[in-house]
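Examination of the molecular architecture
Spelled out from the first residue to the last, the chains are:
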Amino acid sequence: MKTVGLALSILLALSLPVLASDGTREERVHFKAGAQGATVKGHIKGREDVDYVLGAKAGQRMTVTLHTDNTGAYFNVLPPGSEEALFVGSTSGNSFDGTLSETGDYRLRVYLMRSAARRAEQAHYSLSVHIGADRQAEAPAYAPDFADGLAGGPDFWQVT
């Protein structure tokens, strides 16, 4: 009886790391020399998640687009050192464009919605990532507005 209890304790201890695992696979994204972007392709099934990790600096602009064959597949953007997403794909869509507020490793977490995951659905996808200078920071502080319809001003002026 003592041997059975010991054996069960050992089995439980060995299974704890498996129970603690959240099923998230991690892959680092590397840009080719001189490139400001990359596209990664992958596949998830059921409750699998993939974290694509890439370094970025505060003030840089990040754009991310997910193309997938499953409408239940989305991605979140998680800032460095946090599990609280700054972008949630399931409520905001499959495209993110924003200026980063922190320097560090950002995570792009690709996942299936709970209903699709429970049905063990799968998704093939490509995730396009671009990081560059903030376009708004490059724009002049004052941009003149002209009445020509092409520069954002009105198409005509009415004087009374």
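Up top is the structure.
Presented here is an overview of the structure given in this document. The model shown is predicted, which means the values in this text are computed figures rather than measured ones. (Residues numbered from 1 in each chain as written. Predicted model: local features only at pLDDT ≥ 70, side-chain atom pairs only at ≥ 80, totals over all residues. Heavy atoms only, no water.)

Some words on the overall build of the protein chain
From N to C terminus, the protein chain includes four helices and nine strands. Ordering the α and β elements of the protein chain from the N terminus gives α-β-β-β-β-β-β-α-β-β-α-β-α. Per-residue burial over the protein chain gives 31% buried out of 160 residues. Taking all contacts inside the protein chain whose residues are at least 6 apart in sequence as the whole, residues at least 24 apart take part in 74%. Carbon and sulfur atoms form 55% of the exposed surface of the protein chain, whose accessible area is close to 10,600 Å². (Helix = DSSP H or I, 4+ residues; strand = E, 2+ residues; numbered from the N terminus. Buried < 20%, exposed > 50% of the residue type's maximum accessible area, 1.4 Å probe, protein only. Contact = heavy atoms within 4.5 Å. Areas by Shrake-Rupley, 256 points an atom, 1.4 Å probe, with all protein chains shown as cover.)

Regarding the sheet that holds strand S8 (residues 104–112)
In space, the five strands of this open sheet follow the order S1-S3-S8-S5-S6, with mixed pairing throughout. Of all strands in the sheet, those with a lone pairing partner are strand S1 (24–28) and strand S6 (87–88), marking the two edges. Note that strand S5 (residues 73–78) and S6 share two bridges and pair antiparallel. Within the sheet, the bridge partner assigned to Asn-76 lies in S6 and is Val-88. (Pairing = 2+ DSSP bridges.)

Section: the sheet that holds strand S4 (residues 60–68)
Read from one edge of the open sheet, four strands run S2-S9-S4-S7, paired in antiparallel fashion. Each having just a single partner strand, strand S2 (37–45) and strand S7 (95–99) make up the two edges of the open sheet. Adjacent strand axes in the sheet meet at a mean angle of 15 degrees when their direction is disregarded. (Axes fitted to C-alpha atoms, helices over the stretch in contact; angles between N-to-C directions.)

With respect to the side chain of Asn-70
Residue placement: Asn-70 occurs in the loop between S4 and S5. Setting aside chain neighbours within four positions, we find Asn-70 in contact with Leu-112, Glu-121, Gln-122 and Ala-123.

What about the nonpolar core?
Counting residues in each nonpolar core, the largest one holds 28 residues, and the members touching the most others are Tyr-52, Met-62, Val-64, Phe-75, Val-77, Leu-108 and Leu-127. Mapped onto this core, the elements with two or more residues apiece are S2, strand S3 (49–56), S4, S5, S8, helix H3 (114–118) and strand S9 (122–133). For Phe-75, the residues in contact, after removing those within four places along its chain, are Val-64, Leu-66, Phe-87, Val-88, Gly-89, Asn-94, Ser-95, Phe-96, Arg-109, Val-110, Tyr-111 and Leu-127. (Core = buried A, V, L, I, M, F, W, Y, C linked by side-chain atoms within 4.5 Å.)

A few points about the environment of His-30
Among the secondary structure elements, His-30 is positioned in the loop between S1 and S2. The exposure class assigned to His-30 is exposed, which follows from its relative accessible area of 62%. Separated by 25 residues in the primary sequence, His-30 and Gly-55 place their C-alpha atoms 9.2 Å from one another.

Some remarks on the packing of aromatic side chains
Tallying each qualifying case throughout the model produces four aromatic pairs. An aromatic cluster of three or more residues is present, and its members are Phe-75, Phe-87 and Phe-96. (Phe/Tyr/Trp six-rings, centres within 6.5 Å; stacked < 30°, edge-to-face > 60°.)

Thoughts on the side chain of Arg-61
Relative to the assigned elements, Arg-61 resides in strand S4. At a separation of 2.8 Å, a polar atom in the side chain of Arg-61 contacts the side chain of Asp-97. (Polar contact = N/O pair within 3.5 Å; in protein donor to acceptor, adjacent residues only side chain to side chain.)

Focus on unusual backbone geometry
A negative phi angle is the norm for most residues apart from glycine, just as the trans form is the norm for most peptide bonds. Its identity is not glycine, yet Ala-120 carries a phi of approximately 55 degrees, on the positive side. Relative to the elements of secondary structure, Ala-120 occurs in the loop between H3 and S9. In this structure Ala-120 comes out as partly exposed when scored by relative accessible area, which is 42%.

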